[in-house]
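Overview (structure and organization)
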Amino acid sequence: MTAAGVSDTRFDDHGVVAARAMAKWLRFAASPTFVAMALLTVVVDSGLPNTLCSAAGHLWPGGMAPMYLLMGVFHSAPWLKLISRRRSADPHS
């Protein structure tokens, strides 16, 4: 029995498989995105201090770019796993 206006929706196996495939490939987007943000920050930065990062002081030269690069490094694990799997599967190496 369903409440008024609520449909009895059932997730099919194809939707679950599609969602898992999208989640699997979405994890590869973080690292390149952060690296691109770091490059854009360096290229587009006009030299004005960032209001959000001004409280941190001048510990890091360049402001936000080093933070974006660190985030790109921390999110590079899926890429490193993919590269190591491909190298171990390569019969010529």
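Just so you know, the residues in each chain are numbered from 1, in the order the chain's sequence is written. Residue-level local features of this predicted model are given only where pLDDT is at least 70; pairs of side-chain atoms are given and counted only at 80 or more, and the full residue set underlies all totals for whole chains, interfaces and linings. Note: side-chain values were computed over all heavy atoms of the structure, leaving out hydrogens and water.

**Thoughts on the packing of aromatic side chains**
In plain terms, the rule: Each aromatic pair joins two rings of Phe, Tyr and Trp (for Trp, the six-membered one) with centres within 6.5 Å, and gets the label stacked for planes under 30 degrees apart, edge-to-face for over 60, and tilted for any other angle. Burial classification: accessible surface area is computed with a 1.4 Å probe over protein chains only, and a residue below 20% of its type maximum counts as buried, one above 50% as exposed, and the rest as partly exposed. Here a strand is any run of E in DSSP of at least two residues, a helix any run of H or I of at least four, and the numbering for each starts at the N terminus.
Evaluation of the coordinates by the stated rule reveals two aromatic pairs. Ring plane angle 35° and centroid distance 5.3 Å describe the contact between tryptophan 25 and phenylalanine 28, whose orientation is recorded as tilted. Residue class for phenylalanine 28 comes out buried when judged on its relative accessible area of 9%. Both rings, one in phenylalanine 28 and one in tryptophan 79, keep their centres 5.1 Å apart while their planes meet at 70°; by these two values the pair is edge-to-face. Highlighted residues: phenylalanine 28 in the loop between helix 1 (13-26) and helix 2 (30-44) and tryptophan 79 in helix 4 (residues 77-89), separated in sequence by 51 residues. Three or more aromatic residues joined by ring pairs make a cluster, and in this case those are Trp25, Phe28 and Trp79.

**Details of the side chain of serine 76**
As a reminder, the rule being used: Pairing of N or O atoms within 3.5 Å defines a polar contact, subject to two protein rules: one partner must be a possible hydrogen donor and the other a possible acceptor, and residues neighboring in sequence count only if both atoms are side-chain atoms.
The topology assignment puts serine 76 in the loop between helix 3 (64-74) and helix 4. On the basis of relative accessible area, serine 76 is assigned to the buried category, the value being 17%. Among the polar contacts made by the side chain of serine 76, one reaches the main-chain carbonyl oxygen of valine 73 at a distance of 2.6 Å.

**Details of helix 1**
The test is simple: Expected span of a helix, by definition, is 1.5 Å for each gap between consecutive residues, and there is one gap fewer than residues.
Its 14 residues give helix 1 an end-to-end C-alpha distance of 20 Å, which sits within 8% of 20 Å, the value for a rise of 1.5 Å per residue. Taking burial as the measure, the 14 residues of helix 1 include zero buried ones, a minor fraction of the element.

**Overview of a nonpolar patch on the surface**
Inclusion rule: Exposure above 30% relative accessible area and the absence of a salt bridge qualify a residue for a patch, where like charges join within 9 Å and nonpolar side chains (Val, Leu, Ile, Met, Phe, Trp, Tyr) within 5 Å. In these tables, accessible area is a Shrake-Rupley quantity obtained with a 1.4 Å probe, and a residue counts as shielded only by the protein chains included in the view. Should a side-chain nitrogen of Lys or Arg be within 4 Å of a carboxyl oxygen of Asp or Glu, the pair is scored as a salt bridge.
Among the surface-exposed residues, Leu40, Val42, Val43 and Val44 lie close enough to one another that they form a single nonpolar patch of about 430 Å² accessible area. Relative to the assigned elements, leucine 40 resides in helix 2.

**Some details on a positive patch on the surface**
Here is the rule we go by: Charged residues are defined here as Lys and Arg on the positive side and Asp and Glu on the negative side; His and the ends of the chain fall outside this count. Lys charges are placed at NZ, Arg charges at CZ, Asp charges at CG and Glu charges at CD.
Taken together, the side chains of Lys24, Arg27, Lys81 and Arg85 present a region of like positive charge at the surface. Looking at the secondary structure, you find lysine 24 in helix 1.

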